[in-house]
Amino acid sequence: MSAALSVDDVSRREFWVRMCPGVSIEAGGTCAPAVVGEFATRMAVLKREGYVQVPDALPESVVAPIRAAVSTLFQRGIPLAFAFVYDELWQAFRSLSEFLSHVLGPGYRALPDFWVWHVNPSDDAVGWGPHRDRLSATLDDDNSPRTLTVWLPFSDATPLNGCMYMLPAHRDPRFVQRRWDGEDNTVVRNLQDIRALPATAGTLFAWNQAVLHWGGRGSDLGAAPRISAAFEFQRSDCAPFNSPLLDPCRVPTFTERLGLIGKQVLQYRHMYPLPGDIEAIATVLAERYLPEVVESSAGVAAARW
């Protein structure tokens, strides 16, 4: 991590603009709708497999600036969640609104749960290990999701840079048992059931939060890093799975983004040991700016519930 990073640095818009001039902050604009295909077909696959994979959902013109920004943050040693200070990541996920409305229903909400990865093509680099995103009940009886994780690769994801691996829902006995927790909740009984999911940049992945999945290990044989981001969403007719719930149609302000980023760094610190200065910075951001998010979203949330 960068020893020179400070609260004053990250709180100044100019700091981020100078670092990545190819992306923007509060510049307005939108992303064209993602190309997702026939929604009923995608939903049927999601219910059976637990996930859906849609190649070429986002064009290179959308993913390239994000890829460059994340690479810069990685090279500077800055926690990658700070990539969400830029408009382009919010716009990429907003471009999925039609798909998300179909899966989760109108009025769906964005959860304050997002992350960014840069997995080098190296024997020492890995994605997150086998896990289920939530151990509480997040599925209807027909496997319709109440919550959804969306994962977007901004570079090609391959077996040599830690592509995603999945245990398809219909190959997982727990989907029959409706049991997601327990010490053996990441055990795969038949290794041949595991599915490797290489993908090109701009592919859309979405999965229910009970499905078992993980990022693979990189390799010195790989050609380029795996750069990606994930965001979580939920139905509006369910109690909040985390707070504050966000209106996915409204891009947070610069300072609201800082508060949310601080929250991410803190709530995922079990995955990444943090130097004291980074934890202190994240704590200040969450305490200083997260109340702005709560206040600005309260009226929207009250109207929905």
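What comes next concerns the included structure. The structure presented is a predicted model; accordingly, all values stated were derived computationally and were not measured. (Residues numbered from 1 in each chain as written. Predicted model: local features only at pLDDT ≥ 70, side-chain atom pairs only at ≥ 80, totals over all residues. Heavy atoms only, no water.)

### What about the sheet that holds strand S3 (residues 147-153)?
The antiparallel open sheet is built from five strands, whose spatial order is S1-S6-S3-S8-S2. Among the strands making up the open sheet, the edge pair consists of strand S1 (51-54) and strand S2 (109-119). Ignoring strand direction, the axes of neighbouring strands in this sheet form an average angle of 15°. Note that S2 and strand S8 (residues 226-234) share eight bridges and pair antiparallel. Opposite Ala110, over in S8, you have Phe233 as the bridge partner. Helix H4 (residues 60-76) rests against S2 and S8 of the sheet, and its axis sits at about 65° to S2. (Pairing = 2+ DSSP bridges. Helix = DSSP H or I, 4+ residues; strand = E, 2+ residues; numbered from the N terminus. Axes fitted to C-alpha atoms, helices over the stretch in contact; angles between N-to-C directions. Contact = heavy atoms within 4.5 Å.)

### A closer look at the pattern of salt bridges
Applying the stated criterion across every chain yields a total of 19 salt bridges. A salt bridge links Arg179 to Asp184; the shortest N-O distance between them is 3.6 Å. Judged by relative accessible area, Arg179 falls into the partly exposed class, the value being 32%. Taken together, the salt bridges that share partners define one network made up of Asp140, Arg146, Arg235 and Asp237. (Salt bridge = Lys/Arg side-chain N within 4 Å of Asp/Glu carboxyl O. Buried < 20%, exposed > 50% of the residue type's maximum accessible area, 1.4 Å probe, protein only.)

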